[in-house]
Amino acid sequence: MDKDTNISPQKPAPAAPVIPPAQENQAINLEKPLRWKQANSVEQKMLQNLQGNILKGHGRDHTWNIFFVFDQHKVAESRRALREIGNTHVTSAYAQLLGTELFKTTKTDAGTFCAAFLSKDGYSAIGESFTVPQDNDTFNKSMRDSAGSDPLNDPPLEDWEEAFRQRIDGLILVADDDVARGSSITLKIQMILAKAGATIIHTQQGKSIKNAMGNGLEHFGYVDGRSQPLMLLEDIDQESRDEGIASWDPAFPLNTVLVPDPLARDGGGQQDPNSFGSFFIFRKLEQDVAGFKLHEQVLADALNLQKEEREQAGAYVVGRFEDGTPVTIAGEPQDRKIPRNDFNYKADTEAARCPFHAHIRKTNPRGGNRPDNADAERLHIMARRGITYEDVARMTHPDGLPETDSTDEFKEKVWPHLPAKDVGLLFMAYNSRLDEQFVFTQKMWANNTKFPPPTSKDGTEPGIDPVIGMGENIRGGQIYPNKWDDPGSGGKGFDFKGFVHMKGGEYFFAPSLNYLRNL
């Protein structure tokens, strides 16, 4: 777990990393990961100008997402409010990383994390003309503009929650482990915005759920967020020590998430070469847990899975067992504290272990079907920073549900305790290329019935992603293995989709602190 921390009075704070002197004309190299503990003064300046949560998740268990719209007649007041929030609340990447190190040594937290985002409309409302970098044309429009149509196949606007149907200028993200403290900071920020004439449209809370191992879960009960692009060499080194990186390389360059902030200026009034930002996606995804888990049981019946084997049905859908074990590696859960991530699909080209359409195979193919295309696939990976939400509290934790051996037993003992609505995931992700990362992943991978290209002799298409896929599925449903790791046993068609509902969202940009603090 990554948490910023307060300095314990019993233990000395670790010394700040030694910063080598900068070389003349030195520039930030975005084409490789960064070793932040050995950052030179130029790299350190970049980290101090960069908002936190982009290169590494903030790690808090509770969030408050404050959506607001500016009064377009109060431009000066709106800019002043953003400047105040940037100067007094927003957390820099460097401060976050130092706090993470403190947590490792003191196990105490350093308080509230905060980040600020503006939409295209938000920039216009404060009198700014935002030049959109290449491969980010999506930012020129609101997510509302494509509701009910391509490229995402999102539901029509009338099916969105009311708060997300209107213009949204900005989002302030507050995160904390202390609910009272986080709520207090949220109120202070809301008051700053209100004083400037802004209207608070909605404040959406997030609340993480974890299993006994301390791994984060989503509401269907599966470990979530395990496979992330790592852009800090310290994190890559740790991953290598924990498990190894022989089959899957988690190292990604900084330009996976970072683009120059087009509006940040240096002392001479020119674009500041050390100020970066990132495009940010927010989507509220409601989960029909009762429907999904019941459909798992029906799939288990269709595949004639008995007793403990019944867990394979859900693993075929997600690509991992609930504990995070990849189904392409094992046919049963391995109960590892750190779920496996060093794997690919090169030994599973017939999808006899993990179906082609499984959620994690769809959204990160790992070069499994076309090794020659692996590098191109990596260009579409994004840094996910989501958290679960409960608009209505769950009756039972996912780990607290009884084990069952049949669909009838499941209906009697488990199904009544599962929510059908009002819980889900606040999907959040950072991109440097919205068109080629988030939009491509949803449209060309998750929603595309033909991806990955069929390799079976009869040319059967994989179908849509059974978890987040939107749109029509293939006739007869996706193909599931009749027997794990036995290509000769064939597969069975089964339609699995429609248990995640998009309730609203928007595209934002996370500007540099240099920009926010100098408005």
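Residues numbered from 1 in each chain as written. Predicted model: local features only at pLDDT ≥ 70, side-chain atom pairs only at ≥ 80, totals over all residues. Heavy atoms only, no water.

With that settled, consider the pairing of strand S10 (residues 387-390). Where burial is concerned, the two faces of S10 agree: the one with Ile387 and Tyr389 and the one with Thr388 and Glu390 are both buried. By the bridge criterion, 4 bridges tie S10 to strand S11 (residues 423-431) in an arrangement that is antiparallel. Bridge pairing in S11 links Thr388 to Leu425. (Buried < 20%, exposed > 50% of the residue type's maximum accessible area, 1.4 Å probe, protein only. Helix = DSSP H or I, 4+ residues; strand = E, 2+ residues; numbered from the N terminus. Pairing = 2+ DSSP bridges.)

Turning our attention to unusual backbone geometry. A cis amide bond links Asp150 to the next residue, Pro151, at an omega of 10°. Relative to the assigned elements, Pro151 resides in the loop between helix H4 (120-125) and strand S3 (170-176). Residue Pro452 follows Phe451 across a cis peptide bond; omega there is -10°. Turning to its location among the elements, Pro452 is positioned in the loop between helix H12 (435-446) and strand S12 (478-481). Here Asn53, not a glycine, exhibits a phi torsion of approximately 80°, which is positive. As for its position among the elements, Asn53 is in the loop between helix H1 (41-49) and strand S1 (62-69). Looking at Asn53, the relative accessible area reads 2%, which means it is buried. Phi at Arg366 takes a positive value of approximately 55°, unusual for a residue other than glycine. Mapping Arg366 onto the fold places it in the loop between helix H9 (359-363) and helix H10 (374-378). By relative accessible area, which is 6% here, Arg366 ends up buried.

On to the side chain of Arg310, then. Examined against the element boundaries, Arg310 turns out to sit in the loop between helix H7 (289-302) and helix H8 (311-318). Assessed through its relative accessible area of 9%, Arg310 is described here as buried.

The next thing to look at is the packing of aromatic side chains. Applying the stated rule across the entire model yields 28 aromatic pairs. Their ring planes at 25° and their centres at 6.0 Å tell us that Phe164 and Phe282 sit as a pair that is stacked. Remark: Phe282 occurs in strand S8 (residues 276-287) and Phe164 occurs in the loop between H4 and S3; sequence separation between them is 118 residues. Side by side, Phe164 and Phe282 carry an identical accessibility label, which is buried. The structure contains a cluster of three or more aromatic residues connected by ring pairs, namely Tyr123, Phe130, Phe139, Phe279, Phe509 and Tyr515. If you follow Arg378 out to its NZ or CZ, it ends over the ring of Trp248, 5.0 Å from the centre. The positively charged end of Arg378 is found above the aromatic ring belonging to Phe252, 4.1 Å away from the centroid. (Phe/Tyr/Trp six-rings, centres within 6.5 Å; stacked < 30°, edge-to-face > 60°. Lys NZ or Arg CZ within 6 Å of the ring centre and 35° of its normal.)

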